[in-house]
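The residues making up each chain are set out below.
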Amino acid sequence: MIVVTELTKRYGPTPALDRLSFEVHPGVVTGFLGPNGAGKSTALRIILGLHRPTSGEALIGNRRYDRIRRPMREVGAVLDADAAHPGRTAFHHLACLARSNGIGMARVTAVLEQVGLASVAHKRVGGFSLGMRQRLGIAGALLGDPAVVLLDEPVNGLDAAGIRWIRSTLRSLAAEGRTVLLSSHLMSEMALTVDHVLIIGRGRLLEETSMAEMRDRFERDVLVRSPRADELAPILTGLGASVTATEDGALVAVGVDAPTIGDAAAAASIPIHGLTPRSAPLEDVYLEMTSEAAEYRAAAERVAQP
Amino acid sequence: MTTLRKCPATADTSSAAVPTVPRSRVFRDAVAAEWMKLRTLRSTYAFLASSAAATLLGMLILFLLIQSFDQATAAEQANYETADPTVVVMPFVIFFVGSIGAMSITSEFTTGSIGPGLLAVPQRRVLLGAKATTAAAVGLLGGLLFALLAFAGATLLLCDRPAPLNPWPTWTDAMPTVFCAALVVMVTSTVALGLGAVVRSTASTLVTLGGLVLVAPIFAHFLPTTWQLRFGSILLPNLTPQLAGGNHPYLLSQAGAAAVIVVYVVVALGAGALSFSRRDAS
């Protein structure tokens, strides 16, 4: 479990993190979502002891990261795909990390197999593509078979198969009861991977919710298809819904949920051929939530913003 | 994770319950990892090869000096410089082997690999201590190897030629200088590491090291005699003859030279530890 309490980090007068607090629990994949410059990477670096906080603390399993003597056996992390020495081979990169934590060399071979880099294990990292370096980073994170995994933008540079692989890997890690935290600025990616989401902007926690709750909360309307739509419309209006008809004869009901519509139609013996709750696209929801907090955004993006 | 479970992470215990390990074991493993890092980089071997080349070049210069000595008159021979590899070879060995110590930390900052290094060993003083240990070991072994080669070569070239060209009546007289030269290489390697921990840039650190080891002694020659001796006496390459004792032009006693060595190490590693501990890693 990761517990972050009142974390503040200032670079001169600029606050990168502003009293940020949250918890990450085991057994679920938690997403750390925010626009560029929101403070995601800074928070992860402080949690992992690479940066010093101005105030506040971050604990993993009730300890600061730099108090853990064999950290790779408890926490695995990938912060930067380009963090391996280009002159060293993939095997030696992992072997050096393993040696520092008393991890056997057989394990190095095993994780290289797992991430699909066994065939290039003895090639220098400098010749690797971004996707291969990302896989090598993930291999390093898994090296100690840790109970806590933190990944900063893990799908960057991965191809479709790699993205699917990382999703399934993270899900299986969470299913085994491990604590998984990954950061991303892509809502679409988070929607497919995480169970719980922490949204931050300008170093502050804007929202903490489950992905299912987020979808429900931004449910927009319900599309109803029935051969007797004209009879159903006044019933729904009587339930307090605002109802409009579409060109193809379906009804769009706002202010009433799908189960209530289903029950009302059943009570009136009106057949229902389709009942579709419709939400605002998560990407739109995310942009709306973070629009105030986005640090860097191009002029064109600001114009396109609803 | 099924495949992972077939091959547990821990070499000697189950990963399910993370055992508490003593600090000494943590440090020993960190040193072993740093040693492996040095062994698995080509730049380490490039600097050792450069030291070997400098040794060979130094031997060629000594050979030419001896040739010239043999053709000189007795009066001219009396004014010849000594054929001492401490002057010709060791400053370059000090620079090249010292660069390995510097690169052990600056290359990690330059390539970003300091991140995984600190994730593996997050106690910064332990990590810097491990790097200092390996830098010192490489410095001592490298210094000893090239000092022995240089002095063996010089002894073979000199044969039974007299002083002042030959500074050692027998080869055993050269041994204190050999060991002190190796000690200075070791110290320079740790000083370079401390400097690298402060500066973090490979280029800046190596330029500073080169200035300290190769340029400053030349610069000292242009100072007034009194200052030349004062300044020259505390420069790293000039500490070798002062540590070894015997005849030399400098001001420090053996104990004084040893104290200067200690100051170099304490100041460089102290500044490095302070900077490495307090600043954000990347």
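Residues numbered from 1 in each chain as written. Chains lettered and ligands numbered in written order. Predicted model: local features only at pLDDT ≥ 70, side-chain atom pairs only at ≥ 80, totals over all residues. Heavy atoms only, no water.

- Chain B is annotated in an unreviewed UniProt entry as ABC transporter permease of Planosporangium mesophilum.

- Identification of chain A as ABC transporter ATP-binding protein from Planosporangium mesophilum is taken from an unreviewed UniProt entry.
- Under the UniProt heading Sequence similarities (unreviewed entry), the note attached to chain A is "Belongs to the ABC transporter superfamily." (UniProt positions renumbered as here; feature names shortened; annotations may be inferred.)

## Side note on the domain arrangement of chain A
Point 1. Split by domain assignment, chain A resolves into domain 1 (2–211) and domain 2 (219–279).
Point 2. Relative placement of domain 1 of chain A and domain 2 of chain A: their C-alpha centres are 45 Å apart. (Domains from an automatic or database assignment.)

## Considerations on unusual backbone geometry
Point 1. Here B:A163 and B:P164 are connected by a cis peptide whose omega angle stands at 10°.
Point 2. The residue A:E6 is not glycine, and still its phi comes out positive at about 50°.
Point 3. Relative to the elements of secondary structure, A:E6 occurs in strand β1 (residues 2–11).
Point 4. The backbone of B:C159 sits at a positive phi, close to 50°, despite the residue not being glycine. (Helix = DSSP H or I, 4+ residues; strand = E, 2+ residues; numbered from the N terminus.)

## Describing the nonpolar core
Residue and element names in this part refer to chain A.
Point 1. Judged by nonpolar contacts, the single largest core of 97 residues is most densely connected at I2, F32, I47, L112, L136 and L150.
Point 2. With 7 residues, helix α2 (residues 90–100) is the single largest residue contributor to this core.
Point 3. For L112, the contacting residues outside a window of four places in its chain are A90, F91, L94, L117, A118, A121 and L136. (Core = buried A, V, L, I, M, F, W, Y, C linked by side-chain atoms within 4.5 Å. Buried < 20%, exposed > 50% of the residue type's maximum accessible area, 1.4 Å probe, protein only. Contact = heavy atoms within 4.5 Å.)

## A closer look at the packing of aromatic side chains
All names here are of chain B.
Point 1. Under the counting rule described, the total for this entry stands at 6 aromatic pairs over all chains.
Point 2. Where F69 meets Y80, the ring centres are 5.4 Å apart and the plane angle is 85°; that geometry is what we call edge-to-face. Taken together, the residues span a long stretch of sequence, with F69 in helix α3 (residues 42–71) and Y80 in the loop between α4 (74–77) and α5 (85–88) at a distance of 11 residues. The same class applies to F69 as to Y80, namely buried. (Phe/Tyr/Trp six-rings, centres within 6.5 Å; stacked < 30°, edge-to-face > 60°.)

## Notes on the packing of helix α9 (residues 175–199) of chain B against helix α10 (residues 202–220) of chain B
Residue and element names in this part refer to chain B.
Point 1. Their axes nearest at 9 Å, the elements α9 and α10 cross at an angle of 140°. It follows that α9 is oblique to α10 by the angle criterion. As for the relative orientation of α9 and α10, their crossing is right-handed in sense. Between α9, through T188, A192, L195, G196 and V199, and α10, the contact on the second element is made entirely by S204, T205, T208, L209 and V213.
Point 2. Here the contact of α9 with α10 is built from residues that sort into 5 nonpolar, 5 polar and no charged. (Axes fitted to C-alpha atoms, helices over the stretch in contact; angles between N-to-C directions. Parallel < 35°, antiparallel > 145°, perpendicular 65-115°, else oblique. Left-handed = near helix turned anticlockwise from the far one by under 90°. Nonpolar A, V, L, I, M, F, W, Y, C, P; charged D, E, K, R; others polar.)

## Details of the packing of α2(A) against helix α4 (residues 130–142) of chain A
Residue and element names in this part refer to chain A.
Point 1. At a minimum axis separation of 10 Å, α2 and α4 run at an interaxial angle of 25°. Judged by the angle between their axes, α2 and α4 are roughly parallel. Where α2 crosses over α4, the two elements pack in a sense that is right-handed. From α2, A90, H93 and L94 reach across to α4, where they touch L136, A139 and G140.

## Comments concerning the sheet that holds β1(A)
Hydrogen bonds between backbone atoms are what pair the strands of a sheet, whose relative direction is either parallel or antiparallel.
All names here are of chain A.
Point 1. Sheet architecture is open: 3 strands sit in the order β2-β1-β4, paired in antiparallel fashion. Taken across any chain shown, the strands that pair with only one partner, and hence form the sheet edges, are β2 (14–24) and β4 (55–60). Here the strands of the sheet are splayed against their neighbours by 20° on average, with no regard to which way each runs.
Point 2. Bridge count for β1 against β2 is 7 bridges, and the pairing is antiparallel. Within β2, the position partnered with V4 by the bridge is F22. (Pairing = 2+ DSSP bridges.)

## Considerations on the pairing of strand β5 (residues 75–78) of chain A
Where a strand is regular, its side chains alternate between the two sheet faces.
Residue and element names in this part refer to chain A.
Point 1. Across the two faces of β5 the burial is the same, with V75 and A77 and G76 and V78 all buried.
Point 2. As paired strands, β5 and strand β6 (residues 148–152) are joined by 4 bridges and run parallel to one another. Counterpart to V78 in the pairing with β6 is L151.

## A word on the interface of chain A and chain B
Point 1. On the chain B side, the residues contacting the 51 residues of chain A number 46 residues.
Point 2. By the criterion of area lost to chain B, the three top residues of chain A are A:L50, A:R69 and A:R70, representing 18% of everything that side buries.
Point 3. Our count for the contact surface shared by chain A and chain B stands at 3 salt bridges.
Point 4. Ionic pairing is found between A:R99 and B:D29, a salt bridge with its closest N-O pair at 3.0 Å.
Point 5. Put simply, chain A and chain B have 15 residue pairs in polar contact (both at pLDDT 80 or more) between them.
Point 6. Elements that contribute at least two residues to the side of chain A that touches chain B include exactly β1, α2, α3 (105–114) and α5 (160–175) of chain A.
Point 7. Looking at the side of chain A that touches chain B, the element that brings in the most residues is α2(A), giving 7 residues.
Point 8. Partitioning the side of chain A that touches chain B into residue classes produces 21 nonpolar, 13 polar and 17 charged. (Buried area = accessible area lost by both parts, 1.4 Å probe. Salt bridge = Lys/Arg side-chain N within 4 Å of Asp/Glu carboxyl O. Polar contact = N/O pair within 3.5 Å; in protein donor to acceptor, adjacent residues only side chain to side chain.)

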